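# Inside the fold
Single-letter residue listing:
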Amino acid sequence: MLERLQDSFAKITKTLVGKSKITDKNIEEAIEEIKSALLEADVNLRVARRFINATAEEARGEKVLKAIDPGQQFVKIIYDKMVHLLGDERSELALRGPDVTSTILFLGLQGSGKTTNAAKLALHLKNQGRRVLLCAADLSRPAAVKQLEILGEQVGVPVFTGEHQDPISRAKAAVQEAKKHQYNVLIIDTAGRMQVDTDLMTEIKAISDAVNPDEKILVADAMLGQNAVDVAKSFDEAVEITGFILSKFDSDTRGGAALSLKSITGKPIKFIGTGEKVEALEIFHPERIASRILG
Ligand code: GDP
């Protein structure tokens, strides 16, 4: 993951570190290279510009020019800015106390990894000792309910389907069921579409209004790069999402979505999907990802 981005930054840091003196020309050249690296990584242009301006301004300051190892100091600035871009701190799920059921709504385009990651998160929360219920409210794709039932069995988490054949009534019934049986967390899988459309937004808004979830998690496909950011903006405008699971991070060599989502939407990446298996979900740590990128 992130191989291309790592390669670009490895070159940049190699030319900086160890220099006993840094000139304005060195700074200009490094800034140009950072710019190309970010654009090649498919980072949103506005985000890239802001990053470059902030980094350049600080790099030209006294702290770098007078440092014992000015190159190292410069790299530290890039690292700090990157951590900031990725969201600064790890962002936890906003779950209620043990006696109240928390509801998490899963949103995303078809194929983004919504159903798989709903099961992954169910397993993650179950492993923390929580009682979890999944609800299959993706009724646009006949196979989706079956898929969640199979995954639910794999992770040992029950899947609610109920009697209702419309997603809003089903989601509401799932909330009642979860409360009645004192589940700690209810995760509702909703329908996706091939692309953002009005019908989809109307449906997810209606479900969201009906169940008033504690978390509205958008499963964003890292492979979509900047397009993932456009999708995120549309969902956020419709239902005010609370955060992301960035799926298929294992296959993302460029990192554009990871570096742009927080900055553009203001919403944090909470987890990354790192494979097809149900165990392949990791908490998103901005500092660790920045260290990985900068080596
Ligand atoms: P949905 O239509 O949004 O529910 O998407 P699915 O959950 O059916 O996932 C679509 C495809 O992406 C499946 O083949 C999944 O195995 C795959 N997938 C989901 N998450 C990840 C991930 O984190 N990494 C990789 N490599 N594949 C994933």
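Residues numbered from 1 in each chain as written. Predicted model: local features only at pLDDT ≥ 70, side-chain atom pairs only at ≥ 80, totals over all residues. Heavy atoms only, no water.

### Observations regarding the site of the ligand
- Gly111, Lys114, Thr115, Thr116 and Glu276 are the nearest of the 20 residues found near the ligand.
- At 3.3 Å, a backbone N or O of Gly275 approaches an oxygen atom of the ligand.
- Contact distances for the ligand include 2.7 Å between an oxygen atom and a side-chain N or O atom of Glu276.
- Protein contacts shield 82% of the accessible area of the ligand, which totals 580 Å² for the unbound molecule.
- For the shell around the ligand, the element with the most residues is helix α6 (residues 114-127), which contributes 5 residues.
- Among the residues forming the shell around the ligand, the class breakdown is 1 nonpolar, 13 polar and 6 charged. (Near = heavy atom within 4 Å. Polar contact = N/O pair within 3.5 Å; in protein donor to acceptor, adjacent residues only side chain to side chain. Areas by Shrake-Rupley, 256 points an atom, 1.4 Å probe, with all protein chains shown as cover. Helix = DSSP H or I, 4+ residues; strand = E, 2+ residues; numbered from the N terminus. Nonpolar A, V, L, I, M, F, W, Y, C, P; charged D, E, K, R; others polar.)

### A look at helix α9 (residues 198-211)
- Between its terminal C-alpha atoms α9 stretches 20 Å, which fits the 20 Å expected from 14 residues at 1.5 Å a residue.
- In the core, the buried residues of α9 are packed alongside β1 (102-107), α8 (167-180), β4 (185-190), β5 (215-221) and α10 (226-239).
- Where α9 begins, the capping side chain belongs to Asp197, and its oxygen is found 3.2 Å from the backbone nitrogen of Asp199.
- Trailing α9 by a residue or two, Asn212 shows a phi angle of about 45°, which is positive. (Expected span 1.5 Å × (residues − 1). Contact = heavy atoms within 4.5 Å.)

### Some details on the pairing of β5
- With respect to burial, β5 is a largely interior element, 7 of its 7 residues being buried.
- Because side chains alternate across β5, one face comprises the buried residues Glu215, Ile217, Val219 and Asp221, and the other comprises Lys216, Leu218 and Ala220, equally buried.
- Note that β5 and strand β6 (residues 243-247) share 5 bridges and pair parallel. Looking across to β6, one finds that Leu218 is bridged to Phe244.
- Between the parallel elements β5 and β6, the chain passes through α10 in a crossover that is right-handed. (Buried < 20%, exposed > 50% of the residue type's maximum accessible area, 1.4 Å probe, protein only. Pairing = 2+ DSSP bridges. Right-handed = clockwise from strand over helix to strand, strands pointing away.)

### A word on helix α2 (residues 24-40)
- For α2, built from 17 residues, the straight-helix expectation of 24 Å at 1.5 Å per residue is met to within 8% by its first-to-last C-alpha distance of 24 Å.
- Every buried residue of α2 is accounted for by Asn26, Ile27, Ala30, Ile31, Ile34, Ala37 and Leu38. What you see down the axis of α2 is that its buried residues fit within an arc of 130°, all on one side.
- Buried positions along α2 lie against α1 (3-16), α3 (45-59), α4 (62-65), α5 (70-86) and α11 (256-265).
- In the stretch just after α2, Asp42 is the one whose phi turns positive, near 70°. (Arc of directions from axis to C-beta.)

### Points about the packing of aromatic side chains
- Within this structure, the stated rule accounts for 0 aromatic pairs.
- In this arrangement the basic side chain of Arg131 is found over the ring face of Tyr183, its NZ or CZ atom lying 4.5 Å from the centre. (Phe/Tyr/Trp six-rings, centres within 6.5 Å; stacked < 30°, edge-to-face > 60°. Lys NZ or Arg CZ within 6 Å of the ring centre and 35° of its normal.)

### Some words on the UniProt feature "domain: SRP54-type proteins GTP-binding" (unreviewed entry) in the chain
- Look at the UniProt record and you will see "domain: SRP54-type proteins GTP-binding" (unreviewed entry) annotated at residues 268-281.
- Each end of residues 268-281 is marked by a C-alpha atom, and these two atoms are 16 Å apart; helix forms 0% of the span and strand 43%. (UniProt positions renumbered as here; feature names shortened; annotations may be inferred.)

### What about the pattern of salt bridges?
- Considering all chains together, one arrives at 16 salt bridges under this definition.
- The shortest N-O distance in the salt bridge between Asp42 and Arg254 comes to 3.5 Å. Here the residue Asp42 occupies a position in the loop between α2 and α3, and Arg254 occupies one in the loop between β6 and α11, the gap between them amounting to 212 residues.
- Residue Asp42 is classed as buried on the basis of its relative accessible area, which comes to 16%.
- Residue Arg254 is classed as partly exposed on the basis of its relative accessible area of 31%.
- The partner of Lys76 in a salt bridge is Asp80, and the shortest N-O contact between them spans 2.9 Å. Of this pair, Lys76 and Asp80 both sit in helix α5, separated by 4 residues, roughly a single helical turn. (Salt bridge = Lys/Arg side-chain N within 4 Å of Asp/Glu carboxyl O.)

### Here we look at the sheet that holds β5
- Spatially, β3-β2-β4-β1-β5-β6-β7-β8 is the arrangement adopted by the 8 strands of the open sheet, whose pairing is mixed. The open sheet is flanked by β3 (159-160) and β8 (281-283), the only strands paired with a single partner.
- Relative to β3, strand β2 (residues 132-137) is paired through 2 bridges, and the arrangement is parallel. Its bridge partner lying in β3, Cys135 is registered against Phe160.
- Sitting on the sheet, α9 is in contact with β1, β4 and β5, with an inclination near 175° to β1. (Axes fitted to C-alpha atoms, helices over the stretch in contact; angles between N-to-C directions.)

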